[in-house]
Amino acid sequence: MRSPHTIGREEMEKLQYKILAVIFVVALVVFAAVTDYNYISYYVNDVVYNEKWVPDLGRKNETDYMSCFFGKEVLIDLNGGVQRLMGTPEMNEVVRLQNGHLTGMKVAIAENRLIEEADDITYLYHYLKERGIPFLYVAAPDKIAKHDKELPIGYADSTNENLDIFLEELKRQGVPYIDMRDEFFDVGMDQYDYFFLTDHHWTMEGGFYAYTKIAEWLQENAGLTIDPMLTDISNYSFTHYDNAIVGSWGQRTGKLFSGTEGIDILSPEFHTALTRTSDGAQGTYDEVLVRADIIEENHPQHIYDLVFGYSYSGFTNQETESDARILMACDSFGKVVNPFLILSVKQFDVIESYYPEHLNKEYIEGVHPDAIILMQCPANNLGVDSSYTYELNLSAE
């Protein structure tokens, strides 16, 4: 027989859930009413409220309605708070790992598809080798660590198994690559310490460690000389900004589910002088490359892209004795690696790896860099997009 105290606690918990449910329903009704008003005004007054609709977003009227939705972020936050209170590990296809990190799950990709995409990288490698251009593939890790998955009970993920097959094929075909999962693990570094809690990206410190491994390879295999001062993290200062970022996963669950987190910005403690080739802007590392000042403008949902976005630009470095030129083809994980590579060479060129057609014969022959690095978080690309069409692009010309 249960004690009166146990029964009382159970009744109290039920009452709490009922109160939360009522609050949620009332909030939903209020938000929906205001949204309907905005939606009607949008069409009656012919005000262009949303100019970003594309067919991929679904029906235009549905997208327009969501763009008018009053208090959408507040509603998501409330929903996330309820889910967190109930101990739910998943919301909107975002899973909270046992260590608190948010991520998504990946399904197994057909082995033949993974091998075909490795074959495409192999074609690019041989194409460049024939032209005397050293090539390196860098696999950035996914949030879920290969050696410590931290998955909630009952969840399965195939991210690392997919990547293992892909990299094993690169190895079999002799393509040089760096697997950053192993680079972290082999020296006893906890991979999760170098990722944002609420975002799918790694931190700037994680990007710096990847840079040091790339720098080692460039010196050993491409004949570059890189000042050891640049690869010593003690020559950089850390500036921490509290509650500055709500990452891509956190935006889907709301802050009450994900929480907010801080961000560390690394800045060189030595003089820098750079020219951004896209617009000719000149200045120091902090002025034209890594824009930490943007953090103070309070855009927590877009901090990663805003602060590091300029690293998707080409740069000329006036403060280096190196005469080397390198080309980096990368996805967004490269945004926190590129700043350090920019400081290491005379000329830095970059292509977004989402558009492999940009790395064509004309471009390669025109630039003819001292090395080409292709860096991706393959978990986000393998089997799901067109990031692996180098053979198609290069053989067609």
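Worth saying up front: this structure is predicted, and the values here are computed from it rather than measured.

Attention shifts here to the overall build of the protein chain. Looking only at helices and strands, one finds 14 helices and 13 strands in the protein chain. Taken across its 397 residues, the protein chain has 48% of its residues classed as buried. In the form shown here, the protein chain has an accessible surface area of approximately 19,500 Å², with 52% of it arising from carbon and sulfur atoms.

Bringing the sheet that holds strand E1 (residues 90-91) into the picture now. Here three strands make up an open sheet; going across it, the order is E1-E2-E3 and the pairing antiparallel. Looking at strand neighbours, the two that pair on one side only are E1 and strand E3 (102-103), the edges of this open sheet. The pairing of strand E2 (residues 94-96) with E3 spans two bridges and is antiparallel. Counted as the bridge partner of Val95 is Thr103 from E3.

Turning next to the sheet that holds strand E10 (residues 315-317). Sheet architecture is open: eight strands sit in the order E5-E4-E13-E11-E12-E10-E8-E9, paired in mixed fashion. Edge positions in the open sheet fall to strand E5 (177-179) and strand E9 (282-283), since each of these has one partner strand only. Contacting strand E4 (135-139) and strand E13 (371-376), helix H4 (residues 111-129) crosses the sheet at an angle of about 150° to E4. Against the sheet, helix H7 (residues 204-221) makes contact with E4, E5 and E13, and its axis sits at roughly 150° relative to E13, the strand it touches most.

Okay, the confidence of the model for the protein chain next. When pLDDT is averaged along the protein chain, the result is 87; 85% of the residues meet or exceed 70. For residues 48-63, every residue scores under 50 in pLDDT, and the model assigns this stretch 18 contacts once sequence neighbours within four places are set aside.

Let us look at the pattern of salt bridges. Evaluation of the coordinates by the stated rule reveals 15 salt bridges. The salt bridge partner of Arg325 is Asp349, with a shortest N-O separation of 2.6 Å. In this pair, Arg325 is assigned in strand E11 (residues 325-330) and Asp349 in strand E12 (residues 347-352), connecting sequence segments 24 residues apart. The network of salt bridges with common partners includes Lys146, Asp164, Asp179 and Arg181.

Attention now moves to the packing of H4 against helix H5 (residues 159-172). The geometry of H4 relative to H5 is characterised by a closest axis approach of 9 Å and an angle of 40° between their N-to-C directions. The angle between the axes of H4 and H5 places the two elements in the oblique class. The crossing of H4 and H5 is right-handed. Where H4 abuts H5, its residues Glu111, Leu114, Ile115, Glu117, Ala118, Asp119, Ile121 and Thr122 lie against Asn162, Ile165, Phe166, Glu169 and Leu170.

Together, Met12, Leu15, Ile19 and Ile23 make up a nonpolar patch on the protein surface, roughly 370 Å² of accessible area in all. By the secondary structure assignment, Ile19 is in helix H1 (residues 4-44).

Below, the discussion takes up a negative patch on the surface. Among the surface-exposed residues, Asp148, Asp190, Asp193, Glu205 and Asp264 lie close enough to one another that they form a single negatively charged patch. Within the fold, Asp148 resides in the loop between E4 and H5. Exposure remark for Asp148: the relative accessible area of 34% places this residue in the partly exposed category.

For the rest of this paragraph, the subject is H4. Between its first and last C-alpha atoms H4 spans 27 Å; for 19 residues at 1.5 Å apiece the expected length is 27 Å, and the two agree. Three or more residues of H4 are buried, namely Leu114, Glu117, Ala118, Asp120, Ile121, Thr122, Leu124, Tyr125, Tyr127 and Leu128. Against the buried residues of H4 lie E4, H5, helix H13 (361-367), E13 and helix H14 (390-395).

This part covers unusual backbone geometry. For Asn92, which is not glycine, the phi dihedral falls at a positive 50°. Take Asn92: it is sitting in the loop between E1 and E2. Judged by relative accessible area, which is 43%, Asn92 ranks as partly exposed. Its identity as a non-glycine residue notwithstanding, His368 has a phi of 40°, on the positive side. Secondary-structure assignment places His368 in the loop between H13 and E13.

What counts as what
Residues numbered from 1 in each chain as written. Predicted model: local features only at pLDDT ≥ 70, side-chain atom pairs only at ≥ 80, totals over all residues. Heavy atoms only, no water. Helix = DSSP H or I, 4+ residues; strand = E, 2+ residues; numbered from the N terminus. Buried < 20%, exposed > 50% of the residue type's maximum accessible area, 1.4 Å probe, protein only. Areas by Shrake-Rupley, 256 points an atom, 1.4 Å probe, with all protein chains shown as cover. Pairing = 2+ DSSP bridges. Contact = heavy atoms within 4.5 Å. Axes fitted to C-alpha atoms, helices over the stretch in contact; angles between N-to-C directions. pLDDT = per-residue confidence, 0-100. Salt bridge = Lys/Arg side-chain N within 4 Å of Asp/Glu carboxyl O. Parallel < 35°, antiparallel > 145°, perpendicular 65-115°, else oblique. Left-handed = near helix turned anticlockwise from the far one by under 90°. Patch = residues over 30% accessible without salt bridge, like charges linked within 9 Å, V, L, I, M, F, W, Y side chains within 5 Å. Lys, Arg positive; Asp, Glu negative; His and termini not counted. Charge placed at Lys NZ, Arg CZ, Asp CG, Glu CD. Expected span 1.5 Å × (residues − 1).

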